[in-house]
Amino acid sequence: MKPSIPSGTRDFSPEQVAKRTYIFDTIRQVFIRYGFQPIETPAMEKLSTLTGKYGEEGDQLLFKVLNNGDFLKDAKDLDNYKKLAFQIADRGLRYDLTIPFARYVVMNHDKIALPFKRYQIQPVWRGDNPQHGRYREFYQCDADVVGSNSLLNEAELVQIYDEVFSKLGFKVVIKVNNRKILQGLAEVLGCPDKMMDITIAIDKLDKIGAEGVKKELEQRGINGELFPTIQQFFAMNLQELATFFANSETGQKGVAELQQLFNYLKDSNLKNELSIDLTLARGLNYYTGCIFEVKVSDENPVKMGSIGGGGRYDDLTGVFGLKGISGVGISFGADRIYDVLEELNLYPDFKNNTTQVLFISFDEASQLYALNTAQQLRQAGINAEVYPDLAKVKKQFEYANKRNIPFTVVVGSDEMATGLLAFKDMTTGQQEKLTVTDIIQKLK
RNA sequence: GAAGGCAUAGUUCAGUUGGUUAGAACGCCAGUUUGUGGCACUGGAGGUCGUGGGUUCGAACCCCAUUGCUUUCCCCA
């Protein structure tokens, strides 16, 4: 048979793993710097934990794990695959990190000191149709604070975005908006229950343009004549918004929150642009306050969608029986960041992760000698390996070459007799006779 | 859920009126060089042309079905 992997999944080569680790480590370091603590949750959750949290569409995209044993025991709807799926599967792969986190908070409520700041870097799975930049298995890097209503959290999360992308070495634009402002707009327009419809339409402004949004609004049952007002609204600054929201308490509150966020950040010397984008809506409907999205700055020659997002949600733990806990969080899209760094060629040198010296030997005696000498180098902190098979010297050198190992040491009877080893720089081709101590000195 | 594209050596791909033994590049193995890699040259191994049917004297090529991968739309972020 021809080997293959499931659609929407990927293998990662040693080089790719090194690059991905670099991204994860950079994000992790900043999370820790701001006081976030790691948790990990299982790849599998009870299906009851996951269903109903991501909408009907999301339920269909959940990967379900077939029950062990006689899974047909409780199967009733054999003619309805959608129903049947939930009768023969009690578990599913996690769809995001936020719901498992909410579940964790509720289960460990007694042990957690609120406010609880946690970060989590793990893969998630979605049975979506894979396409460009969209996978069935991908990593999320989340940082959330629960149990605090303060906008100081939002401010710090913005600083985290700023710091991570500064470290990674490319400029981004951090866009903010507030769901209360969008809710206020819906109220002013006289259709307060249409907030989601308006935001979904607004969210597409980038993609389908003003006319498209107008059509979309009408399809969603909103009077198209309101569109000029909506367009006007987009052009407003915070002061004008305050006036616009004279009769909307919610809207006013949203404006005040944004104002407060900017006040917090006014002396923080952000290296990246922070801008209000009233068209920013984001799809998840549990957001209730500030919302964030990060895009690659236009000064970089890269075409890429959003590489991070987040926001505040009230009462996320409510569905699990713990009410009144507010949270705010952000997420990094590691897979897309990978592509950006790749295109901009911003990865540092990973040489320290690979072998620096390969020992080449001729026979069992010299191999044993190499085994022990390599150990000395390792103890000195130098990555070394011994070619494990008795092979022609040519083959061993070829191996060093293919692996990009920068130095080789040839061990033979002469070398063993004198203690002077044939140390070769594979880039220049220069070879010299050195003692083990000299070699260690040279490579340190 | 809808529409398209692709499937030939380990990999990337060539392969038209349908006609002997299906090719290239890279990779792999060996040799030129029995203690020295990259470069070069020489030779070698490696394929049921995704699978099943059909048309035909004859199919990698045409037709149908099927599976897998992939792209776009919907959706999601």
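In what follows, the structure referred to is the one given above.
Here's a quick rundown of the structure. (Residues numbered from 1 in each chain as written. Chains lettered and ligands numbered in written order. Predicted model: local features only at pLDDT ≥ 70, side-chain atom pairs only at ≥ 80, totals over all residues. Heavy atoms only, no water.)

Observations regarding the overall build of chain A
When helices and strands are tallied, chain A shows 17 helices and 16 strands. The globule rule puts the C-alpha radius of gyration for 444 residues at 22 Å, and the 28 Å found for chain A is more than 25% above it. Over its C-alpha atoms, taken along the principal directions, chain A stretches across nearly 95 × 65 × 45 Å. Out of the 444 residues belonging to chain A, those deemed buried represent 48%. In chain A, 68% of the contacts between residues at least 6 apart in sequence involve partners at least 24 apart. (Helix = DSSP H or I, 4+ residues; strand = E, 2+ residues; numbered from the N terminus. Rg over C-alpha atoms; globule rule 2.2 N^0.38 Å. Buried < 20%, exposed > 50% of the residue type's maximum accessible area, 1.4 Å probe, protein only. Contact = heavy atoms within 4.5 Å.)

So, the nonpolar core
With 73 residues, the main nonpolar core has Ile 160, Phe 165, Phe 170 and Phe 332 as its most contacted residues. With nine residues, helix H6 (residues 151–168) is the single largest residue contributor to this core. Contacts of Phe 332, omitting those with residues within four sequence positions, involve Ile 27, Phe 31, Tyr 139, Gln 140, Cys 141, Ile 160, Tyr 161, Val 164, Phe 165, Ile 307, Gly 308 and Ile 337. Residues Val 357, Ala 384, Val 409 and Val 411 belong to the second largest nonpolar core, which totals 18 residues. (Core = buried A, V, L, I, M, F, W, Y, C linked by side-chain atoms within 4.5 Å.)

Focus on empty space enclosed by the protein
Enumeration over the complete set of coordinates arrives at one cavity of 30 Å³ or more. Lining the largest cavity, in full, are Phe 101, Ala 102, Val 105, Val 146, Tyr 313, Leu 316, Thr 317, Ile 325, Ser 326 and Gly 327. Its residues assigned to classes, the lining of the largest cavity comprises seven nonpolar, three polar and no charged. (1 Å grid on protein atoms, 1.4 Å probe; cavity = no way out; pocket = protein on both sides within 12 Å on 5 of 7 lines; lining within 4 Å. Points joined across faces, edges and corners; volume = space filled by probe spheres on them. Nonpolar A, V, L, I, M, F, W, Y, C, P; charged D, E, K, R; others polar.)

A word on the sheet that holds strand E13 (residues 384–386)
Ordered by their spatial adjacency, five strands build an open sheet running E13-E12-E14-E15-E16, and the pairing between neighbours is mixed. This sheet does not close on itself; its edge strands, each paired only once, are E13 and strand E16 (431–434). Averaged over all adjacent pairs, the angle separating strand axes in this sheet is 25 degrees, with direction ignored. Here five bridges tie strand E12 (residues 357–361) to strand E14 (residues 407–411), and the two strands are oriented parallel to one another. Among the inter-strand pairings, Ile 360 is bridged to a residue of E14, identified as Val 410. (Pairing = 2+ DSSP bridges. Axes fitted to C-alpha atoms, helices over the stretch in contact; angles between N-to-C directions.)

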